[in-house]
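# Descriptive structure summary
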Amino acid sequence: MKVSDYILQRLREWEVDHVFAYAGDGINGLLAAWGRADDHPRFIQSRHEEMSAFQAVGYAKFSGKVGVCAATSGPGAIHLLNGLYDAKLDHVPVVALVGQTNRSAMGGSYQQEVDLQNLYKDVASEFCETAMVPEQLPNLIDRAIRTAYARRTVTAVIIPADVQELDYSPPTHAFKMVPSSMGLGRYAPVPDDADIERAADVLNAGDKVAVLVGQGARGARAEVEELADVLGAGVAKALLGKDVLPDDLPYVTGAIGLLGTRPSYELMQGCDTLLMIGSSFPYTQFMPELDQARGVQIDIDPHMIGLRYPFEVNLVGDAGETLRRLLPQLRRKKKRPWREKVEKNVARWWEVMQRRAAVDADPVNPEYVVHALDGRLPDDAIVTADSGSAANWYARHLRLRGRMRGSLSGTLATMGPGVPYAIGAKFAHPERPAIALVGDGAMQMNGMMEMVTAAKYWREWADPRLVVAVLNNHDLNQVTWEMRAMSGAPQFEESQHLPDLPYAEIAQRIGLEGVRVEKPDEVEAAWDRALTADRPFVIDFRTDPAVPPIPPHAEWDQIQAAASAVLQGDSDRASVVKQGLKAKVQEMLPGSRHRADRPGAGAGDSAGG
């Protein structure tokens, strides 16, 4: 048995079923071992190593299992980095297996030699080690997987090419040998009883309780619903927690932050008590004023506790176990005017969304495209969204219900994960349909080529449906609108304009299906056709770039007026409007090229829309 054979065997023992990877001579030993192992765990070939990392992230997000990716030395290892950072920032367990030049060449400026230990020391800061002798295994694989699970982060094992080819010999019962064992063990930390009592006192004292949940509350749906009922609370969701609670609950206000809803904004503006569960939502300005509300935070990670708001009680523990201890100490609020107000605001919001989707646009309103999908979502759908204006419509128009799942690049907010996330989801749940909402920028960046990956594998999926909706507006739209809102700048064509591509036709040429939609009355039929297709399907929606994706905040009418004035060449009027808004807007939109989203979403719609 070679070292490479043993690595794959250990992955199988950890129940790793898929490795998302791309070939290269730096991992030739592993590739040969895959051949000897009859492709078990399964080698899933992407078009680019960054896509392999994104697919591993999507697989991990939707399966709950560790995602594993592999790449060759030098350029392959470099290409993995963006996807690995996406995993690290969103707290997703991913292990990277990376090749390296032979030990004899290390330090010799050899071809494709990169200092991977230094390159990976940040993204895999919790565990990054190089295998120099066979006896380091199985410890390196075990610790990489165990640490990824326990810390919900990225780990890396670097394997020089010559080490892969060595005969495997296990660690012995000897000095400076490190034996290892399988398994992680289940645990659910809980806070001290005294802290639970203090938190209950704070929550019982409040009359207007607001709850903010993130992805850390995903395993505590029943407990969060019971708490909201007892306290008469409204519940807002950070975007990574969009699938924590169903959006059809009348007190769920939807997304919060830069891309979110008005009822979430009103929830935070009006509350006197804030409970945050399993979220690192960063935008304090979308939370209550610092002296407005008493606060309690629940988070499993002591490193992330006490952030974002001056919380009075910080509870370190598993969300479900902590809430189960907290609930018996909470008193049911008999008078419910706060809950009634929250539910009224939520009902009004969905009426506003319906009206916004019905607004005419040239040629198609992107809000209508996503709103039309809302009622058509299959009960077990998995939805991914790319960064950009697509994330806005995902945040505001889609109501995830029941078993539906959804995610995007929440913290890194990188372009490009929408399609590879969906492919990773299909390997996690081949029996469930996946839907990706992407802009034409992301589709051109890498999504179109990953449809080749879908074409390679779709026949293996029990449910072949993978629908990719391209919001094709010939514009890097989120950044265009940020430029207008932040500095009153018109669209800079050289940076923002995108060439048109026949996305649906390309899909058809590679054996998939697709359709181009250029009229509003074609939208619903296109969704129906895609959602009943017998293979992956690309819908090329020609959408209007003039529909603004940036937050419908209280100042939005004025922002829109300023942008309109700029576009019309009325610089004097634009300057007058802009001066009173510039500081506020810059605070709202700390944008950059890849910053289209964060763990939360926008402030809300003004005056009902």
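Given the structure is predicted, the values throughout are model-derived calculations rather than measurements.

So, how was this worked out
Residues numbered from 1 in each chain as written. Predicted model: local features only at pLDDT ≥ 70, side-chain atom pairs only at ≥ 80, totals over all residues. Heavy atoms only, no water. Buried < 20%, exposed > 50% of the residue type's maximum accessible area, 1.4 Å probe, protein only. Helix = DSSP H or I, 4+ residues; strand = E, 2+ residues; numbered from the N terminus. Pairing = 2+ DSSP bridges. Right-handed = clockwise from strand over helix to strand, strands pointing away. Axes fitted to C-alpha atoms, helices over the stretch in contact; angles between N-to-C directions. Contact = heavy atoms within 4.5 Å. 1 Å grid on protein atoms, 1.4 Å probe; cavity = no way out; pocket = protein on both sides within 12 Å on 5 of 7 lines; lining within 4 Å. Points joined across faces, edges and corners; volume = space filled by probe spheres on them. Nonpolar A, V, L, I, M, F, W, Y, C, P; charged D, E, K, R; others polar. Phe/Tyr/Trp six-rings, centres within 6.5 Å; stacked < 30°, edge-to-face > 60°. Lys NZ or Arg CZ within 6 Å of the ring centre and 35° of its normal. Polar contact = N/O pair within 3.5 Å; in protein donor to acceptor, adjacent residues only side chain to side chain. Parallel < 35°, antiparallel > 145°, perpendicular 65-115°, else oblique. Core = buried A, V, L, I, M, F, W, Y, C linked by side-chain atoms within 4.5 Å.

## Some details on the pairing of strand E8 (residues 234-237)
- Of the two faces of E8, the one lined by Gly-234 and Ala-236 and the one lined by Val-235 and Lys-237 are each fully buried.
- Pairing of strand E7 (residues 209-213) with E8, which is carried by 4 bridges, proceeds in the parallel orientation. Of the residues in E8, the one forming a bridge with Val-213 is Lys-237.
- You can see the chain leave E7, run along helix H9 (residues 221-231) and come back into E8, and the turn it takes is right-handed.
- Pairing of E8 with strand E9 (residues 252-255), which is carried by 3 bridges, proceeds in the parallel orientation. Paired with Ala-236 across the strands is Gly-254, a residue of E9.

## Some words on the sheet that holds strand E10 (residues 273-277)
- Strand order in the open sheet formed by 6 strands is E9-E8-E7-E10-E11-E12, and the pairing between neighbours is parallel. The sheet terminates laterally at E9 and strand E12 (313-316), the two strands that pair on one side only. Strand-to-strand twist in this sheet, taken as the mean axis angle between neighbours without regard to direction, amounts to 15°.
- Two strands pair when backbone bridges link them, and strand E11 (residues 294-299) and E12 are joined in this way by 4 bridges, in the parallel orientation. The residue of E12 that forms the bridge with Asp-299 is Val-316.
- In the packing of helix H8 (residues 193-205) onto the sheet, contacts are made with E7, E10, E11 and E12, and the angle to E12 comes to roughly 130°.
- Across the sheet, helix H12 (residues 337-357) touches E7, E8 and E9, and the angle it forms with E9 is around 50°.

## Quick word on empty space enclosed by the protein
- Tallied over the full model, the rule gives 4 cavities of 30 Å³ or more.
- Counted as a void, the second largest cavity has a volume near 40 Å³.
- If you go around the second largest cavity, the residues you meet are Thr-253, Pro-263, Glu-266, Leu-267, Trp-338, Lys-341, Val-342 and Asn-345.
- Of all the secondary-structure elements, those providing two or more residues to the lining of the second largest cavity are helix H10 (262-270) and H12.
- In terms of residue count, H12 provides more of the lining of the second largest cavity than any other element does, 4 residues in total.
- By residue class, the composition of the lining of the second largest cavity is 4 nonpolar, 2 polar and 2 charged.

## Let's talk about the packing of aromatic side chains
- A complete count under the given rule lists 11 aromatic pairs for this structure.
- Between Tyr-6 and Tyr-168 the ring centres are 4.0 Å apart and the planes differ by 5°, which places this aromatic pair in the stacked class. One end of the pair, Tyr-6, is in helix H1 (residues 3-13); the other, Tyr-168, is in the loop between helix H7 (161-164) and H8, and 162 residues separate them in sequence.
- Relative to Tyr-283, the ring of Phe-281 has its centre 6.0 Å away and its plane inclined at 85°; by these criteria the two rings are edge-to-face.
- Taken together through their ring pairs, the aromatic side chains of Phe-20, Tyr-59, Phe-427, Tyr-457 and Trp-461 make up a single cluster.
- The ring centre of Trp-350 lies 4.3 Å from the NZ or CZ of Arg-399, which sits over that ring.
- One cation-aromatic arrangement involves Arg-484 over Trp-481; the distance from NZ or CZ to the ring centre is 4.6 Å.

## Let's talk about the side chain of Asn-472
- Its location among the elements puts Asn-472 in strand E16 (residues 466-472).
- In this structure the side chain of Asn-472 is engaged in a polar contact, spanning 3.0 Å, whose partner is the side chain of Asp-540.
- With sequence-adjacent residues up to four places away left out, Asn-472 is seen in contact with Asp-440, Asp-500, Leu-501, Tyr-503, Arg-516, Asp-540, Phe-541, Arg-542 and Thr-543.

## Regarding the packing of H12 against helix H13 (residues 366-374)
- Between H12 and H13, whose axes approach to 8 Å, the crossing angle comes to 125°. Classified by the angle between their axes, H12 and H13 sit oblique to one another. Contacts from Met-353, Gln-354, Arg-356 and Ala-357 of H12 reach H13 at Glu-367, Tyr-368 and His-371.
- Considering only residue class, the contact of H12 with H13 consists of 3 nonpolar, 2 polar and 2 charged.

## Topic: the pairing of strand E4 (residues 94-100)
- The buried count for E4 comes to 7 of 7 residues, which makes it a mostly enclosed element.
- Alternating positions in E4 separate into two faces, Val-94, Ala-96, Val-98 and Gln-100 on one and Val-95, Leu-97 and Gly-99 on the other, with burial throughout.
- Crossover handedness for the path strand E3 (residues 67-71) to helix H4 (residues 75-89) to E4: right-handed.
- Of the pairings in the sheet, the one linking E4 to strand E6 (residues 154-160) comprises 7 bridges and is parallel in character. Its bridge partner lying in E6, Val-95 is registered against Thr-155.

## Here's the deal with the sheet that holds strand E18 (residues 537-542)
- Pairing is parallel across the open sheet formed by 6 strands, whose spatial order is E14-E13-E15-E16-E18-E17. Each end of this open sheet is capped by a strand with a single partner; those strands are strand E14 (405-407) and strand E17 (513-517). Taking the axes of each pair of neighbouring strands and ignoring which way they run, one obtains an average angle of 15° across the sheet.
- Where strand E13 (residues 382-385) lies against E14, 3 bridges are found, and the strand directions are parallel.

## Side note on the nonpolar core
- Counting 64 residues, the largest nonpolar core has Leu-212, Leu-377, Tyr-394, Trp-527, Ile-539 and Phe-541 as the members making the most contacts within it.
- In terms of residues, this core owes the most to one element, H12, which gives 7 residues.
- Excluding anything up to four places from it in sequence, Phe-541 contacts Val-369, Ala-469, Val-470, Leu-471, Asn-472, Val-517, Val-523, Ala-526 and Trp-527.

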